[in-house]
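Okay, here's what each chain looks like letter by letter:
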Amino acid sequence: MTEIIPLSDARVAGVAEEECGEPLVDLREVAELRLDARQADHDGSYAHLRAGALRRLLQAQRLLPTGVRFLVLEGYRPPQLQRRYFEEYAATMRAAHPDEAPDRIRELTSAYISPPEVAPHVSGGAVDLTLCGADGTELPLGTEVNATPEESEGACRTAAPNISVEARANRAVMDRALTAVGFVNYPTEWWHWSYGDRYWALLRRAPAARYGPTALPGLPAGGPTQTA
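Residues numbered from 1 in each chain as written. Predicted model: local features only at pLDDT ≥ 70, side-chain atom pairs only at ≥ 80, totals over all residues. Heavy atoms only, no water.

> Mind laying out the packing of helix H3 (residues 79-96) against helix H4 (residues 102-110), listing which residues take part and the relevant values?
Their axes nearest at 9 Å, the elements H3 and H4 cross at an angle of 120°. With respect to H4, the element H3 is oriented oblique. Handedness of the H3/H4 crossing: right-handed. Here H3 contributes Phe 86, Tyr 89, Ala 90, Met 93 and Arg 94 to the contact with H4, which in turn contributes Ile 105, Arg 106, Leu 108, Thr 109 and Ser 110. Residue composition of the contact of H3 with H4, by class: six nonpolar, two polar and two charged. (Axes fitted to C-alpha atoms, helices over the stretch in contact; angles between N-to-C directions. Helix = DSSP H or I, 4+ residues; strand = E, 2+ residues; numbered from the N terminus. Parallel < 35°, antiparallel > 145°, perpendicular 65-115°, else oblique. Left-handed = near helix turned anticlockwise from the far one by under 90°. Contact = heavy atoms within 4.5 Å. Nonpolar A, V, L, I, M, F, W, Y, C, P; charged D, E, K, R; others polar.)

Laid out in structure tokens, this is it:
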């Protein structure tokens, strides 16, 4: 069984960063991609991705079967929003596991929400996505995007056995296309793929991450003061 390295693992935090300076690109201006607005925020952060990651995503889409496309839900996430998500889910984990030590709560939380200091989305190199048909209808992938481990009974894990044959085949289609162009998957979330961040560097044995925490032009590194 392949080891699942959680984002809370010290090996992730230990990866060096050599920021390459690639800009964030607005996916709303990329005609080849379908963008879903369910994770939209007021400043459009969700619709941005690093230029290099975007190039690879478009390459991966060309590897999909005829009539199948990616449906992108979220790319870049401001650090402040990442912290809020992490703290909210950590509170849920503490309530569900009152006897667990803080390190274990952090590990449980990071199976669903990354610790802010190493979060792939904050680097602009991560993308949450699914598959859809030519008309935009989502294909079966076993769970909803962003399903928690609790509500999905673990089916959110990429290699989960408790999904249909069709969903497993669709996950394999995503895996082949995205892996071929250099993305890595976070194995507790079938929809989460990244390039250039610390987790990518660890799994790819790269000497350093290409992308560190970033911000949209005109916004502070901490992100907006409010989120939609």
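Next comes the rest of the description.
> Residues and numbers for unusual backbone geometry, please.
One non-glycine residue, Asn 146, lies in positive phi territory at about 75°. Tracing the sequence through the fold places Asn 146 in the loop between strand E5 (126-133) and helix H6 (149-152). Phi at Glu 153 takes a positive value of approximately 55°, unusual for a residue other than glycine. Within the secondary structure, Glu 153 sits in the loop between H6 and helix H7 (165-180).

> I'd like to hear about the packing of aromatic side chains, residue by residue, with values.
Within the structure shown, the criterion is met by six aromatic pairs. Ring centres of Trp 190 and Trp 191 lie 5.5 Å apart, and the angle between their planes is 85°; this geometry places the pair in the edge-to-face category. Using a relative accessible area of 2% as the deciding quantity, one classes Trp 190 as buried. Pairing Tyr 195 with Tyr 211 gives two aromatic rings, centres 6.0 Å apart and planes at 70°, and the pair type is edge-to-face. With Tyr 195 in the loop between strand E7 (192-194) and helix H8 (198-204) and Tyr 211 in the segment after H8, this residue pair connects regions lying 16 residues apart in the sequence. With a relative accessible area of 6%, Tyr 195 lands in the buried category. Exposure remark for Tyr 211: the relative accessible area of 1% places this residue in the buried category. Cluster of aromatic residues (ring-pair linked, three or more members): Phe 183, Tyr 195, Trp 200 and Tyr 211. (Phe/Tyr/Trp six-rings, centres within 6.5 Å; stacked < 30°, edge-to-face > 60°. Buried < 20%, exposed > 50% of the residue type's maximum accessible area, 1.4 Å probe, protein only.)

> Which residues make up the nonpolar core, and what are the values?
One finds Leu 57, Phe 70, Leu 129, Leu 178 and Phe 183 to be the most contacted residues of the largest nonpolar core, which totals 51 residues. Contributing elements (two or more residues each) for this core: helix H2 (51-62), strand E4 (68-74), H3, H4, E5, H7 and H8. If near-sequence neighbours (up to four positions away) are discounted, Leu 178 is found in contact with Leu 57, Ala 60, Phe 70, Leu 129, Phe 183 and Trp 193. (Core = buried A, V, L, I, M, F, W, Y, C linked by side-chain atoms within 4.5 Å.)

> Tell me what's going on with H3, and back it up with residues and numbers.
Between the first and last C-alpha of H3 there are 26 Å, a value that for 18 residues agrees with the 26 Å anticipated at 1.5 Å per step. For H3, the full list of buried residues reads Pro 79, Leu 81, Gln 82, Phe 86, Tyr 89, Ala 90 and Met 93. The buried residues of H3 all sit within an arc of 165° when viewed along its axis, so they share a single face. Turned more than 90 degrees away from the buried face of H3, the exposed residues are Glu 87 and Ala 95. Where the residues of H3 are buried, they touch H4, helix H5 (120-123) and H6. (Expected span 1.5 Å × (residues − 1). Arc of directions from axis to C-beta.)

> I'd like to hear about the side chain of Glu 22, residue by residue, with values.
Note on placement: Glu 22 falls in the loop between helix H1 (10-13) and strand E1 (24-26). At a separation of 2.7 Å, a polar atom in the side chain of Glu 22 contacts the main-chain amide nitrogen of Gly 52. Beyond its immediate chain neighbours, meaning those up to four positions away, Glu 22 contacts Arg 50, Ala 51, Gly 52, Ala 53, Arg 55, Arg 210 and Tyr 211. (Polar contact = N/O pair within 3.5 Å; in protein donor to acceptor, adjacent residues only side chain to side chain.)

> Any details on the sheet that holds E5? Residues and values, ideally.
On the basis of which strands lie adjacent, the open sheet formed by five strands has the order E2-E4-E5-E7-E6 and mixed pairing. Each having just a single partner strand, strand E2 (34-35) and strand E6 (184-185) make up the two edges of the open sheet. The pairing of E6 with E7 spans two bridges and is classified as antiparallel. Across the sheet, the residue bridging to Val 184 is Ser 194, located in E7. Strand contacts of H2: E4 and E5, with the helix running at about 150° to E4, the strand carrying the most contacts. Together, E4, E5 and E7 form the strand contacts of H7, whose direction differs from that of E5 by roughly 130°. (Pairing = 2+ DSSP bridges.)

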